[in-house]
There are 2 protein chains.
Amino acid sequence: MKITEARPYVVKNLKYALNPSSIAVVGASRYPNKVGNAVIRELQKWGYQGAIYPVNPRADKVEGLKAYHRLQDIKKPVDLVFLAVPAHIVNAIMHDCVAIKAKVAVIATSAFKEIGRGDLQDLITQYCRDHELPLIGPNLVGLGTPYAHFNCGFIPYLPVPGTVAMISQSGANLLAALGTSQENHFGMSFFVGLGNKADVDFSEFIEYGEQDPHTKCISVYSEGLDSPEAFLKSCKKVTKPVVVIKVGGSKIGNKAAFAHTASENPESDAYYDKVIKDAGAYRATTWQEFLDVSLALGLQPPMMGDNIVMITNGGGAGLLSCDHFERRGLPMHELKEISPLLTQRMRAYMPMFGSPLNPVDISGTATPIAYKGAFQQAYRDPNVDAVLGAICPTAITDVAAVAQAAIDVHESCKKLHKPFVMICQGGGECHDAIMRLRDNGIPAYATAEQAVNAMVALRQYGKKVAKK
Amino acid sequence: MKITEARPYVVKNLKYALNPSSIAVVGASRYPNKVGNAVIRELQKWGYQGAIYPVNPRADKVEGLKAYHRLQDIKKPVDLVFLAVPAHIVNAIMHDCVAIKAKVAVIATSAFKEIGRGDLQDLITQYCRDHELPLIGPNLVGLGTPYAHFNCGFIPYLPVPGTVAMISQSGANLLAALGTSQENHFGMSFFVGLGNKADVDFSEFIEYGEQDPHTKCISVYSEGLDSPEAFLKSCKKVTKPVVVIKVGGSKIGNKAAFAHTASENPESDAYYDKVIKDAGAYRATTWQEFLDVSLALGLQPPMMGDNIVMITNGGGAGLLSCDHFERRGLPMHELKEISPLLTQRMRAYMPMFGSPLNPVDISGTATPIAYKGAFQQAYRDPNVDAVLGAICPTAITDVAAVAQAAIDVHESCKKLHKPFVMICQGGGECHDAIMRLRDNGIPAYATAEQAVNAMVALRQYGKKVAKK
């Protein structure tokens, strides 16, 4: 249900959603194929340290824990109530939540507005609002944070710890992001599936992200923006970058968004595009871009000018990059225009057939020492706003050593507050290098265009920062 | 140097470039850090079965092989001469090549036109043309094919065997593609770096690809299209699909293309865009799209109509897909418009809260059996032109079993000649599933938009096939 701005009582209580001292699971099942059982097992498996109270009217024990017949039987404070019960029971449980003064309710249950039961969903939502009980969901997959070893839902894995807050209306896409996190070292601060988003809104999680000390980038997957004013206000209020992927803009996508999360998109995609733009958020077009841009904004400082220097041992990666920079409206400049002195200095790190044009092609024979020197010179030149490095493995390229050179320079030049991004295009040794670079705070990508998108987002964020 | 059409003597001789019985390596060095040494080691390491003749005026043995002081000393037929000597010696060696009646010359040496020595490059090229000796290069990384265990150049690995012919002007991007091949099971039939492309042209490799029995898709990375008429004619002549990524269209990219491979782009990017379109080739924008589309065209039949059915267990993947289909000009249609009967049948494979809209959302609880049934129904419906499947791992999804279901259905329905593409978005188990699907002939991708691009290309190829 629509709101016009983030509600303070909701934002305040979201800490109980993501860092609860105690959780009651209503619908805690003894059968391992049930959601209400999986939730408890995942909480235990990943090392949640708070109290877990299974609630089941027909069980005394679930997964080795004492079970309670009703929420009221717990008799201890409950921060979060997780509901995995059939839809027609949910309303009664919400009354119990209010009775025991729970801080937040999370409803996993499906079959509400998305299949035509909008009345029931609205009834429950209004009840929660009347009693200032934030409701997350319904129709969601779960939420959690690696920093508290907290995995609450039917979610196969925690992400690696990091700086991106992942707020997703789609459970499947949230799970995909978590899988990517594990597989490609995409670090997250916390994650939440919002599902039908009946009550708690994007705007409220955006404001919570601003407060969360681990979060540096707030990323939102949206199927419908039913409270655009609240979104706009919260985005303008926060200092951290916000990345949005908004779907449902196509003719059939509009219908699919309703069938999936009961999201309504009464306005054209151009309208939502304008809202996101006015909000100063970055709108990603593809899922890959969404992840790539989020990673960069979570790891690197804003880019405060347009002068990017690219250093590569392969002309091909350079060409793909400069074409894509121009395509994205941030064309590269020749090095001699940025800094004639740097142009001369770069000559020391390349053979005769290299090119200091920009992309600076230090050639396929480049050693880790040549890379290091070129990176340092570029970083330290006061006319340079950002550095993009590329490793293209030839038979003589020591990919791991070049990655280490990048990590060393990045570490020693961090205080200059310039974005540093890497491309490692190739096979297994490049994948390994990407992982190590990411672990050391450098956004690294397998293709040139991904890195360019990341830099475009850092520049856009730089412009937003400059305005403030 | 420009040609106006592919020359028959060149196309005929390219079999000696990619399947030579004997190779002479001129500049065969005894020092392991030299290109002329690496070439011989790579040939041996990957199991090349033909004769290898090192040529070195100051050595009698190189890497355990008898060395010759001059090409003329070999006294046996030589199919391919590989040159890794300084630029100023190349001209003299070409005379030797003609003297011994070599079938093809491959020049790895750099420092020709790309650093201002266009005269020398043209002199050598004209000499080769006068004597009908095809010259590949100069300034290239190498060439090879996994089918002959043939890796000729300074290239760290062979690709996995497959159906894509990779013709790349950039060595670094070729190496990246080879690395991706190993890492992501992107199969290739053969690969070649063209470098400055002084003599042998894209068009001639495109016509060779048409003849090569392993090749099903011909993929070209181009920094300059200096013989557009020849490209156009060859693309129109061949029946196999051609994919092109053409760079150098940006202001700085135009200069970088010259600095890299001496490529000149006197016309606007719109001109080259039109040439590629008129040729009936698919133009990819990003490197990822280039690989994704090539893989699909190499594995699947053309798509002969617009009716795509998507089957997914996650609404998010469905939404990303239908938005991207519309963005790419191939909007999805509702299932009830494609086939009312299929709409009814699909209900059997989903719970109450699933959706048969299209994307067909069989929900997060979908079993491998449900997937199999849904895939089969979609495949067999005569109104359906192509099937897109998506796996989004929930805590209860058996990703490997669903992938196996896809492989089984694909195998049994191959004779229907409809494209089948998969999305597996997530972590390690999805990566493994993607590898298995690809090994079994199904193009599979980690994100929805990649799969959509693949299907758009299959449709475009279908339209080209229908015209013939």
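Residues numbered from 1 in each chain as written. Chains lettered and ligands numbered in written order. Predicted model: local features only at pLDDT ≥ 70, side-chain atom pairs only at ≥ 80, totals over all residues. Heavy atoms only, no water.

Caption draft 1: Quick peek at the environment of A:Met304. Residue and element names in this part refer to chain A. Here Met 304 is to be found in the loop between α10 (287-299) and β15 (308-312). By relative accessible area, Met 304 is classed as partly exposed at 45%. Separated by 129 residues in sequence, Met 304 and Ala 433 have C-alpha atoms that sit 27 Å apart. In contact with Met 304, other than residues within four places in its own chain, are Asp 385, Arg 459, Gly 462, Val 465 and Ala 466. (Helix = DSSP H or I, 4+ residues; strand = E, 2+ residues; numbered from the N terminus. Buried < 20%, exposed > 50% of the residue type's maximum accessible area, 1.4 Å probe, protein only. Contact = heavy atoms within 4.5 Å.)

Caption draft 2: View of helix α5 (residues 171-184) of chain B. Helix length check: α5(B), at 14 residues, gives a terminal C-alpha distance of 19 Å against a target of 20 Å (1.5 Å per residue), a fit within 8%. With eleven of its 14 residues buried, α5(B) lies for the most part within the structure. Here α5(B) has its buried residues at B:Gly171, B:Ala172, B:Asn173, B:Leu174, B:Leu175, B:Ala176, B:Ala177, B:Leu178, B:Gly179, B:Thr180 and B:Ser181. Those residues of α5(B) that are buried lie in contact with α11 (315-327) of chain A together with β8 (142-145), β10 (161-168), β11 (188-193), β12 (217-222) and α10 (287-299) of chain B. Capping the start of α5(B), B:Ser170 holds a side-chain oxygen 3.3 Å from the backbone nitrogen of B:Ala172, two or three residues further along. Positive backbone phi, approximately 50°, marks B:His185, located one or two places after α5(B). (Expected span 1.5 Å × (residues − 1). Polar contact = N/O pair within 3.5 Å; in protein donor to acceptor, adjacent residues only side chain to side chain.)

Caption draft 3: The sheet that holds strand β1 (residues 22-26) of chain B, seen in detail. All names here are of chain B. Pairing is parallel in the open sheet, where five strands are placed in the order β2-β1-β5-β6-β7. Every other strand in the sheet has two partners, leaving β2 (51-55) and β7 (135-136) as the edge strands with one partner each. As paired elements, strand β6 (residues 104-107) and β7 share two bridges and run parallel to each other. If you follow Val 106 over to β7, its bridge partner there is Ile 136. (Pairing = 2+ DSSP bridges.)

Caption draft 4: Summary view of the side chain of A:Arg438. With respect to the element layout, A:Arg438 can be found in helix α16 (residues 428-439). Among the polar contacts made by the side chain of A:Arg438, one reaches the main-chain carbonyl oxygen of A:Ala444 at a distance of 3.0 Å.

Caption draft 5: The interface of chain B and chain A, seen in detail. With 68 residues of chain B at the interface, the matching set in chain A holds 68 residues. Interface area, chain B with chain A, both sides summed: about 5,100 Å², of which 66% is carbon and sulfur. Counting the contacts that link chain B with chain A gives two salt bridges. Between the two partners, chain B and chain A, sit 24 residue pairs in polar contact (both at pLDDT 80 or more). Listed by contribution, the elements that provide at least two residues to the side of chain B that touches chain A are α5, β13 (242-246), α8 (251-261), α10, α11 (315-327) and α16 (428-439) of chain B. When residues in the side of chain B that touches chain A are grouped by element, the largest group, ten residues, is from α11(B). For the side of chain B that touches chain A, the per-class residue count stands at 29 nonpolar, 27 polar and twelve charged. (Buried area = accessible area lost by both parts, 1.4 Å probe. Salt bridge = Lys/Arg side-chain N within 4 Å of Asp/Glu carboxyl O. Nonpolar A, V, L, I, M, F, W, Y, C, P; charged D, E, K, R; others polar.)

Caption draft 6: Just the pattern of salt bridges, in detail. All names here are of chain A. Scanning the entire structure with this criterion turns up 34 salt bridges over all chains. Among the salt bridges present, the one from Glu 204 reaches Arg 7, with a minimum N-O distance of 2.7 Å. Of this pair, Glu 204 sits in helix α6 (residues 202-211) while Arg 7 sits in the segment before α1 (8-18), placing them 197 residues apart in sequence. Judged by relative accessible area, which is 13%, Arg 7 ranks as buried. Taken together, the shared-partner salt bridges in this structure form one network comprising Arg 7, Arg 129, Asp 199 and Glu 204.

Caption draft 7: Here's a closer look at the relation of the copies chain B and chain A. Superposition of chain B onto chain A requires a rotation of 180° combined with a translation of 0.0 Å along the rotation axis, giving an RMSD of 0.0 Å. Such a turn and shift between the copies fits a two-fold axis. Rotation axis and chain B: the residue whose C-alpha lies nearest the axis is B:Gln288, separated from it by 5.3 Å. In this assembly, 100% of the residues forming the interface of chain B have copies in chain A that are likewise at the interface, indicating an isologous arrangement. (Least-squares fit on C-alpha atoms with pLDDT ≥ 70 in both.)

Caption draft 8: Structural detail: the nonpolar core. A:Ile136, A:Met166, A:Phe205 and B:Met166 are the most contacted members of the largest nonpolar core, which has 167 residues in total. What A:Met166 contacts, discounting residues up to four positions off in sequence, is A:Leu174, A:Ala177, A:Phe186, A:Met188, A:Phe190, A:Phe191, A:Val192, A:Ser219, A:Phe290 and A:Leu291. Core analysis: the second largest hydrophobic core is formed by 49 residues, B:Phe82, B:Phe150, B:Leu225 and B:Val244 among them. (Core = buried A, V, L, I, M, F, W, Y, C linked by side-chain atoms within 4.5 Å.)

Caption draft 9: Expanded view of the domain arrangement of chain A. Residues and elements named next belong to chain A. Each domain of chain A was delimited in the assignment, giving domain 1 (8-297) and domain 2 (302-467). On a C-alpha basis, the centres of domain 1 and domain 2 stand 37 Å from each other. At the interface, 20 residues of domain 1 touch 17 residues of domain 2. Contact between domain 1 and domain 2 buries roughly 1,500 Å² in total, counting both sides, with carbon and sulfur atoms accounting for 56%. Taken as a group, His 185, Tyr 282 and Asp 292 account for 33% of the area that domain 1 buries against domain 2, more than any other trio of residues on that side. (Domains from an automatic or database assignment.)

Caption draft 10: Layout of helix α15 (residues 399-413) of chain A. Residues and elements named next belong to chain A. Across its 15 residues, α15 extends 21 Å between first and last C-alpha, which sits within 8% of the 21 Å expected from 1.5 Å per residue. Val 399, Val 402, Ala 403, Ala 405, Ala 406, Ile 407, Val 409, His 410 and Cys 413 are the residues of α15 that are buried. Elements that come into contact with the buried residues of α15 comprise α14 (368-380), β17 (386-391), β18 (420-424) and α16.

Caption draft 11: Structural context of the packing of aromatic side chains. One pass over the structure, following the stated rule, counts 20 aromatic pairs over all chains. Measuring from ring centre to ring centre gives 5.7 Å for A:Tyr53 and A:Tyr68, while their planes differ by 85°; the resulting arrangement is edge-to-face. With A:Tyr53 in strand β2 (residues 51-55) and A:Tyr68 in the loop between β4 (65-66) and β5 (80-83), the pair connects residues that are 15 residues apart, well separated along the chain. As far as burial versus exposure is concerned, A:Tyr53 and A:Tyr68 are alike and both buried. For the ring pair B:Phe375 and B:Phe420, a centre distance of 5.2 Å and an interplane angle of 85° mean the geometry is edge-to-face. In this pair, B:Phe375 sits in helix α14 (residues 368-380) while B:Phe420 sits in strand β18 (residues 420-424), placing the two residues 45 residues apart along the sequence. An aromatic cluster of three or more residues is present, and its members are A:Tyr371, A:Phe375, A:Tyr379 and A:Phe420. For the cation-ring pair, B:Lys103 lies above B:Tyr16, with the distance from its terminal atom to the ring centre recorded as 5.1 Å. A cation over a ring is seen here: B:Lys246 above B:Tyr272, with NZ or CZ 4.6 Å from the ring centre. (Phe/Tyr/Trp six-rings, centres within 6.5 Å; stacked < 30°, edge-to-face > 60°. Lys NZ or Arg CZ within 6 Å of the ring centre and 35° of its normal.)

Caption draft 12: Inspection of unusual backbone geometry at higher detail. Of note, the amide linkage connecting A:Asn358 to A:Pro359 takes the cis form, showing an omega dihedral of 5°. Phi at A:His185 is positive, roughly 50°, even though this residue is not glycine. Mapped onto the elements, A:His185 comes out in the loop between α5 (171-184) and β11 (188-193). Residue A:His185 is classed as partly exposed on the basis of its relative accessible area, which comes to 26%. Despite not being glycine, B:Asn358 shows a phi value in the positive range, around 95°. Within the secondary structure, B:Asn358 is located in the loop between α13 (340-346) and β16 (360-361). Residue classification places B:Asn358 among the buried residues on the basis of a relative accessible area of 0%.

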